[in-house]
Amino acid sequence: MNISVPRGTEDLLPENTKQWQVVEEALKGLAHTYHYDEIRTPMFERTELFQRGVGDTTDIVQKEMYTFEDRGGRSLTLRPEGTASVARSYVQHKMHGNADQPTKLYYLGPMFRYERPQQGRTRQFTQFGIEAIGSADPAIDAEVIAFAMDCYQVLGLKSLKLVLNSLGDKESREAHRQALVEHFKPYQEELCSDCQMRLEQNPLRLLDCKVDRDHPTMSSAPSILEYLNDYSSQYFEEVKKHLDAMGISYVVDETLVRGLDYYTHTAFEIMSEAEGFGSITTLSGGGRYNGLIQDLGGPENSGIGFALSIERLLMALKAEGIDLETGQTLDCFVITMGDEAKYTASSLVYKLRKAGFRTDQDYLDKKMKAQFKAADRYKAKYAIIIGEDEVNNGVANVKNLVEGEQKTIELDKIIEQLETSV
Ligand code: HAM
């Protein structure tokens, strides 16, 4: 039996990885512009980190984690997201003590969730995300949101919708929690078994339920915005004022609750509005987490961040018909005839590469015509042709495949000549 990839994962072949590289470079470039530095954390962590960080009652922790025991009997989990790991690392390395504050970090790497695979939802996916920790200034909320939007705009995407909400501080959330319990309690029996439990443990999660989504009590559920205390609503107003000042448009959606427990105040998602994007339209999401660092044993510092998946970003590019310029062409393709020429070619190809020219040659003993075809297929700028005569005379024929002209050049002058013309 042939072995193929596990369900919900995929191979990225060279025709895909070229696009990925362009996207990754663009995102890293943005991180550089916005003054965020890279952090790399392990792909697995102690299970407890996600139970405490992401939240015991979330779908991610209850249903979607790849958890295993290692040979030492420790419970480990493949990371389902990046924020908890970054927060752990921030606490572990006492980054709050660093001179540069807030601490601004970005990450890029695979995440793992045991979800039902469908278009835009895989079991291994790649997140690019940022976290800004150590500031509770609404201006940095706006910075993170602007960054998130820029990730798409820099690649030419236009059909985007930014959705914004506030989940308030602890006090506001508690008031909202009580209102939710009062609202749903009379209908508890009608709700799915998960929601019955959520009502006891974490009623906000009810609003995120996929099973009870259409239950009549959902649309009339109390809105968090009505329960924001003065500080929380003032904070939300400030974030909006910064976005307005930056000319970033958004819609406020009081039903946006996000699927992770650490959020306080600002929560946002970016959706694709491109036709034919598919049913899962969320491209990225993020928000503020004012208790997480402390929950993980650190100081009272607050943070905000977001993450996107590159898979969905690429889907959006496809839906908007944007072809990324992968710029993958060869500078030189060396064409040989006869055995002696092959030694000369090996030497020349080696030297060209050392000089930084993207170069290749034939390794399949192809006829000359087929070698020219290969040079065309690779979009080589120059074909460098070496036969027996050329070897004897210490020269090669250099053909500019774009302009069509051909020159005979001494072998040890080729690099010099190309350097002035490539
Ligand atoms: P999240 O909303 O769970 O947030 O995930 C962020 C993004 O990851 C989603 O918007 C989506 O693009 C992508 N994503 C999630 N699950 C999958 C999947 N199964 N397949 C493909 N893409 C997926 C977080 O993970 C938070 N850590 C974001 C954050 C950072 N909040 C603050 N800082």
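Our structure's up above, just so we're on the same page.
Residues numbered from 1 in each chain as written. Predicted model: local features only at pLDDT ≥ 70, side-chain atom pairs only at ≥ 80, totals over all residues. Heavy atoms only, no water.

1. Details of a negative patch on the surface
Inference 1: There is a patch of like negative charges on the surface, built from Asp-339, Glu-340, Glu-388 and Asp-389.
Inference 2: Breaking the negative patch down by element, the ones donating at least two residues are α12 (339-354) and α14 (388-393).
Inference 3: Among the structural elements, Asp-339 can be located in helix α12.
Inference 4: What makes Asp-339 exposed here is its relative accessible area of 60%. (Patch = residues over 30% accessible without salt bridge, like charges linked within 9 Å, V, L, I, M, F, W, Y side chains within 5 Å. Areas by Shrake-Rupley, 256 points an atom, 1.4 Å probe, with all protein chains shown as cover. Salt bridge = Lys/Arg side-chain N within 4 Å of Asp/Glu carboxyl O. Lys, Arg positive; Asp, Glu negative; His and termini not counted. Charge placed at Lys NZ, Arg CZ, Asp CG, Glu CD. Helix = DSSP H or I, 4+ residues; strand = E, 2+ residues; numbered from the N terminus. Buried < 20%, exposed > 50% of the residue type's maximum accessible area, 1.4 Å probe, protein only.)

2. Brief notes about the site of the ligand
Inference 1: Residues in close proximity to the ligand total 27 residues, the closest being Glu-81, Thr-83, Glu-115, Tyr-263 and Leu-283.
Inference 2: Between Glu-81 and the ligand, the recorded distance is 2.5 Å, taken from a side-chain N or O atom to a nitrogen atom.
Inference 3: With respect to the ligand, the side chain of Tyr-263 contributes an N or O atom lying 2.6 Å from a nitrogen atom.
Inference 4: Coverage of the ligand by the protein chains reaches 96% of its 650 Å² of free accessible surface.
Inference 5: Looking at the shell around the ligand, the elements that each hand over two or more residues are β6 (124-133), β10 (282-289) and β11 (303-309).
Inference 6: For the shell around the ligand, the element with the most residues is β10, which contributes 7 residues.
Inference 7: Looking at the shell around the ligand, its residues break down into 9 nonpolar, 11 polar and 7 charged. (Near = heavy atom within 4 Å. Polar contact = N/O pair within 3.5 Å; in protein donor to acceptor, adjacent residues only side chain to side chain. Nonpolar A, V, L, I, M, F, W, Y, C, P; charged D, E, K, R; others polar.)

3. Details of the pattern of salt bridges
Inference 1: All told, the structure shown has 20 salt bridges when counted by the stated rule.
Inference 2: Across the pair Lys-240 and Glu-237 runs a salt bridge whose closest N-O atoms are separated by 3.2 Å. Here the residue Lys-240 and the residue Glu-237 both occupy positions in helix α9 (residues 230-246), the gap between them amounting to 3 residues, near one helical turn.
Inference 3: On the basis of relative accessible area, Glu-237 is assigned to the partly exposed category, the value being 41%.

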